[in-house]
Amino acid sequence: MIVWLKRNMFRSVGDSIISVVVAALAGWVVWQLLQFVFITGRWEIIQVNLKLLLVGRFPEELMWMLGTSILALSFWIGAVASSSKRDPDKKTSLIKTGFGLLSRFGLIIALGAIIIALAGTLDAVLLGIGTVAAIALGRLVGLARRRIAVLAKIPWLIWQILLVALPLVMIVQTLLVSDLSEWGGFLINVYIAILSIALAFPLGVFLALGRRSSLPIVRLVCTSYIELVRGAPLFVLLLLAGVALEFFIPSEIAPGAIFRAVTVFTMFTAAYLAEIIRGGLQSISKGQTEAGKALGLSTVKIIFLITLPQALRNVIPAQIGQFISLFKDTTLAGAALSMLELLKIGEAITKQDDYLGQGLVYESLGFVALLFWVGSYVMSRESQRLERKLGVGIR
Amino acid sequence: MTERAYTDATQIKGGDSAEPIVTMEHVVKRFKDFTALKDINFRVGRQEVVVVIGPSGSGKSTMIRCINMLEEHDEGRIVVDGTELTRDVRNISEIRKETGMVFQGFNLFPHLTILSNISLGPRQVRNMPKAEAEALARSLLERVQIPEQADKFPAQLSGGQQQRVAIARALAMKPKVMLFDEPTSALDPEMINEVLDVIKELARDGMSMIVVTHEMGFAREVADRVVFMADGEIVEVGTPEQIFDNPKEARTKKFLSQII
Ligand SMILES: Nc1ncnc2c1ncn2[C@@H]1O[C@H](COP(=O)(O)OP(=O)(O)OP(=O)(O)O)[C@@H](O)[C@H]1O
Ligand SMILES: [Mg+2]
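Not measured: the values here are computed from a predicted model.

**Student:** Explain the overall build of chain A residue by residue, including any values.
**Tutor:** Of the regular secondary structure elements, chain A holds 18 helices and zero strands. Expressed as lengths along the three principal axes of its C-alpha atoms, the size of chain A is roughly 70 × 70 × 60 Å. When the 395 residues of chain A are sorted by exposure, 36% land in the buried category. Here the analysis covers contacts within chain A between residues at least 6 apart in sequence; of these, 77% occur between residues at least 24 apart. Accessible surface computed for chain A: about 22,900 Å², of which carbon and sulfur atoms make up 72%. In chain A, 35 positive and 22 negative side-chain charges are present, and the distance between their average locations comes to 18 Å.

**Student:** Can you tell me about the interface of chain A and chain B, naming the residues and giving the values?
**Tutor:** At the junction of the two partners, chain A supplies 20 residues and chain B supplies 22 residues. For the pairing of chain A and chain B, the buried interface totals around 1,900 Å² over both sides, and the portion due to carbon and sulfur atoms is 62%. A:Glu290 is the salt-bridge partner of B:Arg65, the closest N and O atoms lying 2.7 Å from each other. Counting across the chain A and chain B interface gives six residue pairs in polar contact (both at pLDDT 80 or more). For the side of chain A that touches chain B, the secondary structure elements donating two or more residues are helix H13 (286-295) and helix H14 (299-314) of chain A. When residues in the side of chain A that touches chain B are grouped by element, the largest group, eight residues, is from H13(A).

**Student:** How would you explain the environment of A:Ile320 if you had to name every residue and give the values?
**Tutor:** Along the chain, A:Ile320 falls in helix H15 (residues 316-329). Put simply, A:Ile320 and A:Ala110 are 210 residues apart on the chain and 23 Å apart in space, counted from C-alpha to C-alpha.

**Student:** Quick rundown of the site of ligand 1? Include the residues and the values.
**Tutor:** All names here are of chain B. The environment of ligand 1 is made up of Phe-31, Phe-34, Ala-36, Pro-55, Ser-56, Gly-57, Ser-58, Gly-59, Lys-60, Ser-61, Thr-62 and Glu-182. Ser-58 is positioned such that a nitrogen or oxygen atom in its backbone is 3.2 Å from an oxygen atom of ligand 1. Of all the secondary-structure elements, those providing two or more residues to the shell around ligand 1 are strand S2 (34-44) and helix H2 (60-67). Partitioning the shell around ligand 1 into residue classes produces four nonpolar, six polar and two charged.

**Student:** Which residues make up the pattern of salt bridges, and what are the values?
**Tutor:** All names here are of chain A. Using the criterion set out here, one finds 28 salt bridges over all chains in the structure. Taking the shortest distance from any N to any O, the salt bridge between Arg-230 and Glu-227 comes out at 3.8 Å. Of this pair, Arg-230 and Glu-227 both sit in helix H10 (residues 216-230), three residues apart, which is roughly one turn of that helix. As a salt-bridge pair, Arg-230 and Glu-275 come within 4.0 Å of each other at their nearest N and O atoms. Note that Arg-230 is positioned in helix H10 and Glu-275 in helix H12 (residues 257-282), a separation of 45 residues in sequence.

**Student:** Provide a residue-level description of the domain arrangement of chain A, including the pertinent values.
**Tutor:** Residue and element names in this part refer to chain A. When the domains of chain A are assigned, the result is domain 1 (44-58 + 180-395) and domain 2 (60-178). With 22 residues of domain 1 in contact, the opposing surface of domain 2 contributes 17 residues. For the pair domain 1 and domain 2, the two sides together bury roughly 1,800 Å², of which 73% comes from carbon and sulfur. Where domain 1 packs against domain 2, one counts one salt bridge.

Thresholds applied
- Residues numbered from 1 in each chain as written.
- Chains lettered and ligands numbered in written order.
- Predicted model: local features only at pLDDT ≥ 70, side-chain atom pairs only at ≥ 80, totals over all residues.
- Heavy atoms only, no water.
- Helix = DSSP H or I, 4+ residues; strand = E, 2+ residues; numbered from the N terminus.
- Buried < 20%, exposed > 50% of the residue type's maximum accessible area, 1.4 Å probe, protein only.
- Contact = heavy atoms within 4.5 Å.
- Areas by Shrake-Rupley, 256 points an atom, 1.4 Å probe, with all protein chains shown as cover.
- Lys, Arg positive; Asp, Glu negative; His and termini not counted.
- Charge placed at Lys NZ, Arg CZ, Asp CG, Glu CD.
- Buried area = accessible area lost by both parts, 1.4 Å probe.
- Salt bridge = Lys/Arg side-chain N within 4 Å of Asp/Glu carboxyl O.
- Polar contact = N/O pair within 3.5 Å; in protein donor to acceptor, adjacent residues only side chain to side chain.
- Near = heavy atom within 4 Å.
- Nonpolar A, V, L, I, M, F, W, Y, C, P; charged D, E, K, R; others polar.
- Domains from an automatic or database assignment.

This is how it looks when you write it as structure tokens:
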């Protein structure tokens, strides 16, 4: 430790001065932060408005459905995480596994604990325990598939569909029963982000392929779309969507704010994704296509079996970066489409009668920032894991 | 020139009566205003091994790439196993099923295991069931002497091993003729022989092949005929002895004196 310090921070007088100054500054910042978090911060504003911040005006009597959806999702995550292949020769000790899990999920667990503590209700505690149990159960089911011959016989795709069916049915059910306009808070940011990512990804792939198509018309349409959308500020597009979506959609349908937001985020993200993916495709050597041709594969099969998978893998970091900015940009929907998403509610609660003019924006915005930070950080970490996993044996 | 190429073609294995596996007649290939192949006339007999030599830029790669339509020829006729090459998509895929190609840079698919690299073609092009395709892949790995590498990824193999996988991948399509474009040029010297040995083995088994190479010892050993190309033309064709020991053309003599 001492040796390390000496070698890395105090190699020369100049180094030493810089090290001391930086350490002092960092220490001061951390001290201030700790004081704010544990002493001066008035967290009752978060405590009182917790439900509003997390789910907006989501009806109380339907909360159980939301909870069940979370449990179903946790089960699915657990099952998917364990159905991935692991090196059977590699034995890891229990402690090491535990440590790995902690470093992977610790942040989420900590955030969950904070939220449960703030909520302070039995329901919240039960949901927390339930979530952990659901993940564990999912893992067990995933393991069972590898151990039990009957389950192992189920084709991979069918198995994935079976697994995803449960959370999907729950979520759709919740969507159908509740009124979307009552959704709010962080729930809506997450919902918009997930839906937009799921839609933008295939659209982005399509646009990237279209821009490289040998058909001039397809190329022209895709290129114009990409350049047009990338040339406009996201906020302007959102504002436009607030008034102008009727140009494209019959006014009888009168799409709600969430629909408008998802449309814009999907279109916007797809344009950027398309360029990222196109870059990935360009990085694949011509020899790959030629090898595919020499085997007699069709152009479509060469793209979907050979070049695209490699291209997508090569640009995972940039893609996830795009998804992370989409996730954070969902806060723009509040201002542009007057939607009660997390940031908007975070601002609004500081103007409640009880808290007006008391400068509680730090608490409120701090909490908002924490939620987004944890979400983004987890996405970034998981993308690195994915990259490592898909990069098996690649230089 | 044309005349001689044809007379030589009558010496092909199997005699006059046998239908050649590859026929090229008056083939011309241009890149923009540059003519890479000028009136190529040539036949490869069944089970014949033809080695193509020549200086860099002489059109060796272009010629064999025309045979499996990685390049489209501009004039003349190319017939592979009785099927003439046209621009029709179905025709292209038929031809590519009959020809296997091995590239200088291996061009294995880095995201697939060795086994999947080899079984991909049979499964996707010949609609072979997975189990059968994998069994075939394993038997081919056996044949190129690296059965133990089946579950690795290309980047985990040495260059020589990768090239042998590439050969197995091409063989998995059960081609009627194999095209090799400088299969050992990207390899470290100590790995060249393990690849050449596999190719020799194929030659012994009676595979028709066209091999572009700079390995003259190998050419002498396995070639039924050697083709010398320069400036987009076939300058001289003959048995290895004729070409290496007794070249007739000035350009052949010059080339051989430079590389030896
Ligand atoms: N796609 C292309 N576009 C334009 N010119 C090309 C193209 N491919 C090849 N050529 C040209 O055609 C000529 C023949 O090229 P080719 O690759 O067939 O030569 P080669 O005999 O295989 O040479 P090497 O021993 O260097 O591989 C060269 O002059 C080359 O510059
Ligand atoms: Mg070449």
